[in-house]
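The primary structure of each chain is shown beneath.
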Amino acid sequence: TLEEQTPTSFTLSYVSTPLTLEHYPYAFRFLMTVKLDGPRLIRSYRIMNLSGEDMPFQFGDHAAYQAKFGQAVMHLGKQNLFYYPRRNDAFVGSPISFPYQEDWLIAKENFRRCDTILLEHPSKELSLSTGYGYRLTYHFSSPYIAIWSPSESADFLCVEPWWGMAPYEDRPESILDWKDINLGGKESVFEESSSFEKE
């Protein structure tokens, strides 16, 4: 539901319903604000716990930008990165060393082999030279960053902050025991952004 709109921002809300409570037994209100601040796109999230008890949750952003595969480059910086390989619709339980370093030339082949590439939170900002003369810098504070593109014909790359992990091998049955689960009190606030510049 659209809650508020200005010339440079909008806020959407999603509130729990009887149907959501059948599958996720916590009452909540979720607000997302998207704001354009010069060359920076800011996305902020407020998760309000209406259930009267600690509320376990996880969520992720789902932003995608146009990229020219075979020419786009992800600038990783000098750091030791780890990622979670994916098998049988689930990520493995322990991360392994990421095979790409510093400047990674993005190709569709990367995603045929790995599907979604799930990185443990890098210690430095990532940036993407799109191949169209623009560079995006991602300002994320999430424990995971997912990178993927869905098909041979898709001309966009998703780089997503995840506060919580998608299904992984040997994940406990109880949501309270999942990796990096968030326990919300009355309200939890998160923010991330992307900056744009010409190259």
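Further up the page is the structure itself.
Quick caveat: nothing in here was measured; it's all calculated off a predicted structure.

The next thing to look at is the pattern of salt bridges. The full count for this structure, using the stated rule, is six salt bridges. The salt bridge involving Arg 43 is made with Asp 61; its shortest N-O contact spans 3.2 Å. Residue Arg 43 is located in strand E4 (residues 40–49), and its partner Asp 61 is located in the loop between strand E6 (59–60) and strand E7 (64–66); the two are separated by 18 residues in the primary sequence. The residues Arg 43 and Asp 61 share a single accessibility class, namely buried. Put simply, Arg 43, Asp 61 and Glu 192 are held in one network by salt bridges that share partners.

Turning our attention to the packing of aromatic side chains. Applying the stated criterion to the full structure yields 20 aromatic pairs. Relative to Phe 196, the ring of Tyr 65 lies with its centre 5.4 Å away and its plane at 75 degrees, an arrangement referred to as edge-to-face. With a gap of 131 residues between them, Tyr 65 in strand E7 and Phe 196 in strand E20 (residues 187–198) connect regions that are remote in the sequence. We classify Phe 196 as partly exposed; its relative accessible area is 29%. Aromatic side chains Phe 91 and Trp 162 sit 6.3 Å apart centroid to centroid with 70 degrees between the ring planes, which places their arrangement in the edge-to-face category.

Moving on to the nonpolar core. Burial of nonpolar side chains together is a common tendency in soluble globular proteins. Ranked by size, the top nonpolar core spans 38 residues in total, and within it Met 74, Phe 98, Trp 104, Tyr 138, Ile 147 and Leu 157 carry the most contacts. Put simply, the parts of the chain that give this core at least two residues each are strand E3 (28–37), E4, strand E5 (55–57), strand E14 (117–120), strand E15 (126–129), strand E16 (134–139), strand E17 (144–148) and strand E18 (156–163). Here this core gets four residues from one element, more than from any other, and that element is E18. Residues within four places of Ile 147 in sequence aside, it is in contact with Met 74, Trp 104, Phe 111, Asp 115, Thr 116, Ile 117, Leu 119, Leu 157, Cys 158 and Val 159. In terms of nonpolar packing, the next biggest core, distinct from the first, is built from ten residues, Tyr 144, Ala 146, Met 165 and Tyr 168 among them.

This paragraph deals with the pairing of E18. Most of E18 is tucked away, with seven of its eight residues classed as buried. Here E7 runs beside E18; their pairing, made up of three bridges, is antiparallel. By the bridge assignment for E18, Tyr 65 is matched with Leu 157. In the sheet, E17 pairs with E18 via five bridges, with the strands oriented antiparallel. Within the sheet, the bridge partner assigned to Trp 148 lies in E18 and is Cys 158.

Conventions used here
In this convention, every chain numbers its residues from 1, walking through the sequence in written order. Per-residue local features of the predicted model are confined to residues with pLDDT of at least 70, and side-chain atom pairs are confined, for both listing and counting, to 80 or more; whole-chain, interface and lining totals are unaffected and use all residues. The basis for every side-chain value is the complete set of heavy atoms in the structure, and neither hydrogens nor water enter the calculation. Salt bridges are defined as contacts in which a side-chain nitrogen from Lys or Arg sits within 4 Å of a carboxyl oxygen from Asp or Glu. Starting at the N terminus, helices and strands are each numbered in turn, a helix being any DSSP run of H or I of at least four residues and a strand any DSSP run of E of at least two. Exposure classes here rest on a 1.4 Å probe applied to the protein chains alone. A residue is buried below 20% of its type maximum, exposed above 50%, and partly exposed in between. Only Phe, Tyr and Trp rings are paired, with Trp represented by its six-membered ring, and only when their centres lie within 6.5 Å; those with planes under 30 degrees apart are stacked, over 60 edge-to-face, the remainder tilted. The set of buried Ala, Val, Leu, Ile, Met, Phe, Trp, Tyr and Cys residues whose side-chain atoms join them within 4.5 Å is what this entry labels a nonpolar core. Residues count as neighbours in contact if any of their non-hydrogen atoms are within 4.5 Å of one another. Between any two strands, at least two bridges found by DSSP are needed for them to pair.

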